[in-house]
Amino acid sequence: MRAPLTDLPVAFEDVSLRIRDFTILDRVSLHLAPGAPTVLIGPNGSGKTTLLRVAMGLIEPTAGRVTWGGREHIPPQRRAIVFQRPAMLRRSTAANIEYALAQAGAMRSDWPAHVAELLGLVGLAGFEARPARRLSGGEQQRLALARALARDPEILFLDEPTASLDPAATKAIEDVIRTVAARGIKVVMSTHDLGEARRLAGEIVLLHRGHVVESGTAADFFAGPKTDAARRFIAGELLI
Amino acid sequence: MPSDLTAVQLVLSADPELMGIVSLSLTVSLAAVACAALIGIPLGALIALTRFPGREACIVVLNALMGLPPVVVGLAVYLLLSRSGPLGSWGLLFTPQAMVIAQAILVTPIIAALARQTIEDLWVEYREELAAMNVGPLGRIATLIWDGRFSLTTALLAGFGRAAAEVGAVIIVGGNIDGFTRTMTTAIALETSKGDLPLAIGLGIVLIAIVIVVNALAWGARRAGERFSG
Amino acid sequence: MKNRMNTRRSLIALAALATFTLTSPVSAQDKSIVVSSTTSTQDSGLFGHILPLFKAKTGIDVKVVSQGTGQALDTGRRGDADVVFVHAKPQEEKFVADGFGVKRFPVMYNDFVLIGPKNDPAGVKGRDIVAALKTIKEKSAPFISRGDRSGTHAAELNLWKIAAVDIAKDKGAWYKEIGQGMGAALNTASASNAYVLADRGTWLSFKNRGDLAIIVEGDNRLFNQYGVILVNPAKHPTVKKDFGQAFIDWLVSAEGQKAITDYKIGGQQLFFANATVPGA
């Protein structure tokens, strides 16, 4: 059913993105390989969302190159993304997932089992027939997660998955992220919540003005930040 | 049509001639809308999803064509279908088919222009999700049409209203032949020319009532559909 | 994805409906002819009376497209009708002479009447149509002209000529050409209390008379002769010449002529059969 090729690792080599006079990404080099979640942190406008879109293959960089499993310019096969404000298809909750299953080439006879499993995973069991656009913000976020997982991804990009959610909804999402990561799916997510980064990250990438200021394991990053900017960011100062 | 009866009596007695006229009007207008939808919706989707030089001009022209003068369309179709015209061998002039063709030409720009707007609005919302799911061009169009189906019914209804209310084109290409190409609107024109204004107005009220009923049915279907798939 | 199957199915159904409407009436068209005729024969109800009789006898459906005489002849010229049935003898003769028609058969006549406000503001009541038109012109009394190249329009222009009025030059604000059918002209006259030349049949069946009444009638110059012509199959091979000729033969037969004579509105005979009168 699937090509034996893999989308991993995702490698950024000196990637820059300039739109007119604005530098959105500035010579970013990154290596996203299987393992614990990578969390992108940095102030608003530091380029986290753009970096995720470039990693997903939705935006072409203006300089440098991005490779998936060593290949350039390949369409999203085994990678998936949940946007900060995901668009719900004007269909039922189950049909949203079925749509993603169909796109990913899953056998139609397997759909009901997949839908039940995915909705169970994100805590939306019993929501099958509900119109997706009538779900609450947190429920929509979880459905988007289930829809992304329906693609059977090797790598899952999450853009601020808990922004504007209350603590209970945040915990629900974080639990799903842990489960997903435990299943061997590489999670790459952005957040501006340092607490969330501490709770979930295996690796940290600190972005500032489109540039990778510092990256490394979460333990090293929080125990001994190497740069002044990282120290100030951890201390809660404003990076301008 | 017995003209000493009022239009209300005609309706209540289910006058067979009136029923024939009503059913021809509905058949012709619905067939025209169906043809126009088969062309107009994919066309609108194509313009909504593609970027090409002259696209803005194309949209302006399409919007302007929503106001195509029926008489001009009728005349053009007449000249096409006339025995002396390029498609004369089809023998379609003065038939219901000719009326369907003329009305489909009138209605296609309306459906295409409204569909383009609807689908483009939806496209802005869906674009990244569909790209992330690696949906191909045809799949995108199918998805946007399907998910926009409730809004698109409005476009179809606008087209139906235009077709059902139109007289200039059908009277030229249909010929207003009694029992064959006489529709509500051409019957109204005829009764007006006979000076039977009460019957003409009565038929007009019947026509408006039919358009309202069709819209109500479509509205009901839309509400029911939205409840289940939002 | 049951929904998607349903869409596909309803799309197929729609396409089938469209195809059905586009093809089905063709078979019903077999035994039928298209006759382009004038608004007067249609609006007066004559066809509603005689066509069922013809259909009962021959099984042929006659589809009447009613237009002004000029337009009706054009329709024949383009080959869009099998038979033309109009009232403007010189134009009919030219139609045949130009090879568009096979032969002209006289069928019947009716007469024109001058319609005007009951109180006759121009004071033209009587039998003399020529004197009446002269007075209308002198007094600039409101007059509605069809202005649509119809037989009635041609007859009106001819009457102005006889009255020695050069209407193209002398028309003023009082003379309005509306470019529409007989009914519309009567509606306009009714709404503006104007004089108008009408055929008697349309007048008798016209309902929205308002203050209008017949002002001038009975003048020989008001006679209105109808002729019927088969469109030339040599020019247009699609013409259904057998059915068309059958219709013409029936119209001029004793049976058809009687059917025309029998048509009355409120006891008044509208059309006078004269197929056998030489030179009609």
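Just so it is clear, the structure is predicted and the values come from calculations on it, not from any experiment.

1. Some words on the interface of chain B and chain A
- Opposite the 21 residues of chain B that make contact, chain A presents 25 residues.
- Taking both sides of the interface into account, the surface hidden between chain B and chain A amounts to around 1,900 Å²; carbon and sulfur atoms contribute 49%.
- Considering only the side of chain B, the residues that lose the most area to chain A are Glu128, Glu129 and Met133 of chain B, jointly responsible for 31% of the buried surface there.
- The interface formed by chain B and chain A contains 5 salt bridges.
- In this structure, glutamate 128 of chain B and arginine 53 of chain A form a salt bridge, with 2.4 Å as the shortest nitrogen-oxygen distance.
- Applying the counting criterion to the chain B and chain A interface returns 11 residue pairs in polar contact (both at pLDDT 80 or more).
- Breaking the side of chain B that touches chain A down by element, the ones donating at least two residues are α5 (96–132), α6 (137–147) and α10 (197–229) of chain B.
- Among the elements that take part in the side of chain B that touches chain A, α5 of chain B stands out by supplying 8 residues, more than any other.

2. Examining the pattern of salt bridges
Residue and element names in this part refer to chain C.
- Applying the stated criterion to the full structure yields 43 salt bridges over all chains.
- Note that lysine 57 is salt-bridged to glutamate 255, the shortest N-O span being 3.4 Å. Within this pair, whereas lysine 57 is found in helix α3 (residues 46–58), its partner glutamate 255 is found in helix α12 (residues 254–262), the two being separated by 198 residues in sequence.
- Classification of lysine 57 as exposed rests on a relative accessible area of 54%.
- Of the residues examined, glutamate 255 reaches a relative accessible area of 41% and is grouped as partly exposed.

3. Overview of the sheet that holds strand β5 (residues 79–82) of chain A
Residues and elements named next belong to chain A.
- The sheet built from 6 strands is open, its strands ordered β5-β6-β7-β3-β8-β9 with mixed pairing. Edge positions in the sheet fall to β5 and β9 (211–217), since each has one partner strand and no second. Strand after strand, the sheet turns through a mean of 15° between neighbouring axes, direction not considered.
- Pairing of strand β3 (residues 38–41) with strand β8 (residues 203–208), which is carried by 4 bridges, proceeds in the parallel orientation. Note on β8: the bridge partner recorded for valine 39 is isoleucine 204.
- Those strands touched by helix α1 (residues 48–56) are β3, β5, β6 (155–159), β7 (186–190) and β8, and its axis lies near 155° from that of β6.

4. A word on helix α4 (residues 137–149) of chain A
- In a regular helix each residue adds 1.5 Å, so 13 residues correspond to 18 Å; α4 of chain A covers 18 Å between its end C-alpha atoms and thus fits that length.
- Taking burial as the measure, the 13 residues of α4 of chain A include 12 buried ones, the bulk of the element.
- Turning to α4 of chain A, its buried residues are Gly138, Glu139, Gln140, Gln141, Arg142, Leu143, Ala144, Leu145, Ala146, Arg147, Ala148 and Leu149 of chain A.
- Where α4 of chain A is buried, its residues contact β5, α2 (93–104), α3 (111–121), β6 and α5 (167–182) of chain A together with α5 of chain B.

5. Looking at the interface of chain B and chain C
- Between chain B and chain C, the contact holds 32 residues from the first and 34 residues from the second.
- Roughly 2,700 Å² of surface becomes buried between chain B and chain C when both sides are summed, with 61% attributable to carbon and sulfur atoms.
- Summed over the shared surface of chain B and chain C, the number is 1 salt bridge.
- Between lysine 207 of chain C and aspartate 196 of chain B there is a salt bridge, with its nearest N and O atoms 3.6 Å apart.
- At the boundary of chain B with chain C, the tally comes to 9 residue pairs in polar contact (both at pLDDT 80 or more).
- Taken together, the elements giving at least two residues each to the side of chain B that touches chain C come down to α2 (16–49), α4 (70–81), α5 and α9 (184–193) of chain B.
- Looking at the side of chain B that touches chain C residue by residue, the classes come out as 15 nonpolar, 13 polar and 4 charged.

6. Some thoughts on the domain arrangement of chain C
Residues and elements named next belong to chain C.
- Parsing chain C into structural domains produces domain 1 (29–109 + 224–273) and domain 2 (111–222).
- Each of domain 1 and domain 2 was reduced to a C-alpha centroid, and the two centroids are 26 Å apart.
- With 16 residues of domain 1 in contact, the opposing surface of domain 2 contributes 17 residues.
- Here domain 1 meets domain 2 over a buried area of about 1,300 Å², counting both sides, of which 55% is carbon and sulfur.
- Taken together, the connections running from domain 1 to domain 2 amount to 1 salt bridge.
- At the boundary of domain 1 and domain 2, one finds 5 residue pairs in polar contact (both at pLDDT 80 or more).
- At the level of secondary structure, the elements contributing two or more residues to the side of domain 1 that touches domain 2 comprise α2 (39–43) and α4 (69–77).
- Top element by residues in the side of domain 1 that touches domain 2 is α4. It accounts for 4 residues.
- Taken together, the residues of the side of domain 1 that touches domain 2 sort by class into 3 nonpolar, 11 polar and 2 charged.

7. Observations concerning the side chain of histidine 153 of chain C
Residue and element names in this part refer to chain C.
- Looking at the secondary structure, you find histidine 153 in helix α7 (residues 151–162).
- Among the polar contacts listed, one links the side chain of histidine 153 to the backbone nitrogen of arginine 149, at a separation of 3.1 Å.
- Each residue touching histidine 153, except ones within four places of it in the same chain, is listed here: Ser145, Arg146, Gly147, Asp148 and Glu177.

About the cut-offs
Per chain, residue numbering runs from 1 following the sequence as it is written. Chains carry letters from A onward and ligands carry numbers from 1 onward, assigned in written order. Per-residue local features of the predicted model are confined to residues with pLDDT of at least 70, and side-chain atom pairs are confined, for both listing and counting, to 80 or more; whole-chain, interface and lining totals are unaffected and use all residues. Here the side-chain values reflect all heavy atoms present in the structure, with hydrogen atoms and water set aside. Note on contacts: a residue pair qualifies if any of its non-hydrogen atoms lie within 4.5 Å across the two residues. Defined here as a combined quantity, buried area equals the accessible surface (1.4 Å probe) lost by two parts on assembly, summed across both. Only one rule defines a salt bridge in this text: a Lys or Arg side-chain nitrogen within 4 Å of an Asp or Glu carboxyl oxygen. Whenever two N or O atoms come within 3.5 Å, that pair is a polar contact, provided that in protein one can donate a hydrogen and the other can accept it, and provided that, for residues adjacent in sequence, both atoms are side-chain atoms. By definition, any uninterrupted DSSP run of H or I lasting at least four residues is a helix, any uninterrupted run of E lasting at least two residues is a strand, and each is numbered from the N terminus. Accessible area is worked out with a 1.4 Å probe on protein chains only. A residue is then buried under 20% of its type maximum, exposed over 50%, and partly exposed in between. When DSSP locates at least two bridges between a pair of strands, those strands are taken to pair. Every axis corresponds to a line fitted to the C-alpha atoms, with the helix fit spanning only the stretch in contact, and the corresponding angles, defined between N-to-C directions, vary from 0 to 180 degrees. One less than the residue count of a helix, multiplied by 1.5 Å, gives the span that helix is expected to have. Put simply, Ala, Val, Leu, Ile, Met, Phe, Trp, Tyr, Cys and Pro go in the nonpolar bin, Asp, Glu, Lys and Arg in the charged bin, and everything else, Gly too, in the polar bin. Residue ranges for the domains trace back to a domain assignment, done automatically or taken from a database.

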